[in-house]
Every structure is written in structure tokens, then in C-alpha cells.
Amino acid sequence: MGEKMNNNSKRGIGLFLAAAFLDSLCFYAPVASLYRLAFGMTLFQITVTESCFFAVSMLLELPWGFLTERIGCKTTLVIAGAFHLAAQLLFLAADSFWLFLLQRCVLAAAASGCSGCDAAYLSSLSGHGAEHRVLGYYQAVSFAAVSIAGLFFPLAARVGYRGLAALTAVSVGTAFFLRCLLPDIQGSAKNCRTAGQQIREVGEMLLENKAFLVFVVSGAVLSETEHTFTVFFSSPAWQAAAVPEMWYGALNVMMNLAGLGGSLASVWLSGRQGEKRGRAVAVFWALAVFSSAGLWAAGESFWCVLLFPVFRFAAQGYLPCEQSLKLCHTGKAGKAASLSAYNLIISAAGILLGPVIGACTRQGLSGGFFAGGLLLLTGAALAAAVWRKI
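Now for a look at the structure at hand.

The rules behind the values
- Residues numbered from 1 in each chain as written.
- Predicted model: local features only at pLDDT ≥ 70, side-chain atom pairs only at ≥ 80, totals over all residues.
- Heavy atoms only, no water.
- Helix = DSSP H or I, 4+ residues; strand = E, 2+ residues; numbered from the N terminus.
- Buried < 20%, exposed > 50% of the residue type's maximum accessible area, 1.4 Å probe, protein only.
- Contact = heavy atoms within 4.5 Å.
- Areas by Shrake-Rupley, 256 points an atom, 1.4 Å probe, with all protein chains shown as cover.
- Phe/Tyr/Trp six-rings, centres within 6.5 Å; stacked < 30°, edge-to-face > 60°.
- Lys NZ or Arg CZ within 6 Å of the ring centre and 35° of its normal.
- Axes fitted to C-alpha atoms, helices over the stretch in contact; angles between N-to-C directions.
- Parallel < 35°, antiparallel > 145°, perpendicular 65-115°, else oblique.
- Left-handed = near helix turned anticlockwise from the far one by under 90°.
- Expected span 1.5 Å × (residues − 1).
- Lys, Arg positive; Asp, Glu negative; His and termini not counted.
- Salt bridge = Lys/Arg side-chain N within 4 Å of Asp/Glu carboxyl O.
- Core = buried A, V, L, I, M, F, W, Y, C linked by side-chain atoms within 4.5 Å.
- Nonpolar A, V, L, I, M, F, W, Y, C, P; charged D, E, K, R; others polar.

A look at the overall build of the protein chain
- A tally of regular secondary structure across the protein chain gives 15 helices and zero strands.
- The buried share of the protein chain, taken over its 390 residues, is 51%.
- Considering only residue pairs separated by 6 or more positions, the protein chain has 84% of its internal contacts joining residues 24 or more positions apart.
- Counting every atom, the protein chain has about 17,500 Å² of accessible surface; 68% of that belongs to carbon and sulfur.

In C-alpha cells:
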């Protein structure tokens, strides 16, 4: 049973989830690339800005984690929220490659600031035993916001791309205001150790439980494979299956709703501990392997319309399970720094796996589905092999 939350904790969780919802209301997401192209950028330049985003995120991941241990989670979340607001205002004003590049770098600073800190803050407020449920709600509100924002896409014809960017900036600005109202974590001690000491402590934490490190890497395989399939392969697969283009928006909403369903399913399973939690993890892994195998077998047929949402459901259901387990494996460096270290490993694995899966599509989508499925099967085998050791 989880610890009973007091009113201050409930208020903090409510404000955090409301801010997360508003932060995820990206109204221009369906036309983000078209928005940049309209201001003279090329597709190559867009990929360059995305590469810079991931590079800056990785460079700042651990420094943000160490800083959070010194200044506290609330202060870090407010600073990261300010960066996010600045990034959205830059996006609204950008009209050249360099401004769009600067916008992605500022957004990377915001994303890496929240990474790890968000889960550490929610964990401290919710208390031991309730983290899984609260993290599931966190995932759910984010997917709900993405789905709702997609419904506003028809407004693009009336307000234009700039109007959608302005609506997003207003939403993020409101989220920043809510972050400023977040309560401090009672009884949290600030970490005054040097960066060198924190790096050594993080290294010791990672080496103490090599089995859990393998488990984290296997989770990165699941996350990156799902992201590659559902984000980059879905549209070409629908096109190959002769799905009318007018359905694409609705199919994206369906995938987002599947992610919301996975998060809520994880919340429903959150009361189960020990062996039962292992069964929940196994169910999500089995669904992921099943859907990826189905996509390889019939990825360019109409079945892909159903299989992509199943994969999204499995991946998003698994994520709160993994996050709650990571909170149980934090070291002396503190929750935020430990989670940042895990996220850095996941990002590095993702950067390596994405190009591998993509390179296998030279002979068609089936090659990418096969490579991703093989990697996923390997990840599932590794997770099963180390489960009893974590």
C-alpha cells in the first residue's frame, strides 16, 4: 500500500499534471515541418536542427541532474519551464534557419532540465508505493493533450501557422505560471557535493547493479523501436496499404489515444507489486513483440492500421513500470541525478538504434520492420534474463 498523501502533496500533483497537460498542447505539431519549410528551410536543415536538439539534450542531461540535487526539483522545473516558454516564443518569431536552430537548442535545454527531475518531483510528492500510479497519470495527461491539440488542426485554415504557434505559446506560458505555484518538497535536503563526487556516485550506482543497467538498455530498445515505427514508418505504411490520406489525421489521433489507454492500463495495474508487477511488464513486452512481428508479416497491408496503435499501447503502458523501477534504483547522487544518468543511457541507445533500423529500409519497409522486430526480441530476451536479479 502506498503512503497516504497530504493536501499539500495532492495540490502539488494536481498543479504538476495541469502544467504537463498545457505544456503538451502543441497545436502546430501536425504542420511543424511545413511551418519551417514555409520560411525557406530545407528538409536537410530541419534534420540538422533535430540532430542539434539531441546533441544538446545529451550534453545537458547530467549537468541538469547535478544542479537539481543542489537547488531542488521545484526550482529546476520553474527554470526549465522558462526555457520552454522562451523556445515557443522563439518559434513564433523565427523566420530563418539560425533562429529555428536556436529555438531547438533552447527547447533541448528545457527538455533535459525536466528529464529525471519531473519523475523525482512526482515521486517525492506521491510517496513510496504510489509512484507508478502517479507516473501513469503523468503519461496519460500528456497523451490526452496531444490528442486534443490534434482536434484543433482544422483551425490552421483560419488562423494560419503563426496563429497555431501563438496558441501554443499561450498554453506554455500558462503552464509556466502553474509551475511557479508548485509547492516545495518538504524535508528535501540539498546536495552540496562537488560535481566530481556526484559523477563518481552515479558511476558507482550504475556499476552496482549491472543487471538493472541491462534492463534499462532493453527498455531503450522498446522505446526507440516504437518511436521509429509509429512516428517515421506509419505514414509510408499507410500509403503502401492504400489508406486514403484524408484518414491520416484520424489515425494519428487513434495512436495517441492508444498511448493514453496504455498509460491508464499501467495506472490500473499500479497496485500490483513483486511478481504481479513482473507479469504486467511481461504483458506489455509480449504485446510489443506481437505487434512488431505483425507489422513485419503484414506491415504494408491494412492490418498496419490496427498494429501501430497496439504497439503504442504496449510501449506507453510499459514506460511507467520502468520509471517506477528506476526510482527504486537511485544511488547516493540523488533521484534527479540518477534518473538523468539512466535517461542519458536511453538517449545514447536511441541514437544508435534509430539509424540501424532506418538503414534496413533501403529494400523497403519490411526490412526496417524485420530489423526492429529482431532488436525488440533481443531486448525482451535480455529483460527476461535479468528480471529476477533486479
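So much for the structure itself; the text now carries on.
Some points on the packing of aromatic side chains
- Taken as a whole and judged by the stated rule, the model has 27 aromatic pairs.
- When the centroid spacing of 4.5 Å and the interplanar angle of 20° are considered together, the rings of tyrosine 35 and phenylalanine 91 count as stacked. Taken as a pair, tyrosine 35 in helix α2 (residues 32-38) and phenylalanine 91 in helix α4 (residues 73-93) lie far apart in primary sequence, 56 residues in all.
- On the basis of relative accessible area, phenylalanine 91 is assigned to the buried category, the value being 0%.
- Between phenylalanine 97 and tryptophan 98, the aromatic rings sit 5.0 Å apart at their centres with planes inclined by 70°, giving edge-to-face as the arrangement.
- On the accessibility criterion, phenylalanine 97 (17% relative accessible area) is buried.
- Classification of tryptophan 98 as exposed rests on a relative accessible area of 63%.
- An aromatic cluster of at least three residues, connected via ring pairs, comprises Tyr28, Tyr35, Phe39, Phe91, Phe100 and Tyr161.
- The cationic tip of arginine 104 hangs over the ring face of phenylalanine 53; the distance from NZ or CZ to the ring centre is 4.5 Å.

A closer look at the packing of helix α13 (residues 304-327) against helix α14 (residues 335-359)
- Where α13 contacts α14, the two axes come as close as 10 Å, and the packing angle between them is 130°. In terms of orientation, α13 lies oblique with respect to α14. Between α13 and α14 the crossing geometry is right-handed. In this structure, α13 uses Glu322, Lys326 and Leu327 to contact α14, whose residues at the interface are Lys335, Leu339, Tyr342, Asn343 and Ile346.

Observations concerning α4
- End to end, α4 covers 30 Å across 21 residues, agreeing with the expected 30 Å (1.5 Å per residue, within 8%).
- Where α4 is concerned, the buried positions are Cys73, Lys74, Thr76, Leu77, Val78, Ala80, Gly81, His84, Leu85, Ala87, Gln88 and Phe91.

Considering the side chain of glutamate 224
- Along the polypeptide, glutamate 224 turns up in helix α10 (residues 210-240).
- For the buried glutamate 224, no salt bridge exists, and the shortest N-O distance to an oppositely charged side chain is 12 Å, to arginine 312.
- Once you skip the residues sitting within four places of it in the chain, glutamate 224 turns out to touch Gly350, Leu353 and Gly354.

A closer look at the nonpolar core
- The biggest cluster of nonpolar side chains holds 91 residues, and the ones touching the most others in it are Trp238 and Phe308.
- Excluding residues that lie within four positions of it along the chain, tryptophan 238 makes contacts with Val243, Tyr248, Leu251, Asn252, Met255, Cys304, Val305 and Phe308.
- Counting residues in each nonpolar core, the second largest holds five residues, with Phe53, Ala87, Val106 and Leu107 among its members.

A short note on the packing of helix α6 (residues 117-126) against helix α7 (residues 131-151)
- One way to put it is that α6 packs onto α7 with a least axis distance of 9 Å and a crossing angle of 130°. Here α6 is positioned oblique relative to α7, judged by the angle of their axes. The handedness of the crossing between α6 and α7 is right-handed. On α7, the residues that touch Asp118, Ala119, Leu122, Ser123 and Ser126 of α6 are Glu131, Val134, Leu135 and Tyr138.
- Here the residues of the contact of α6 with α7 sort into five nonpolar, two polar and two charged.

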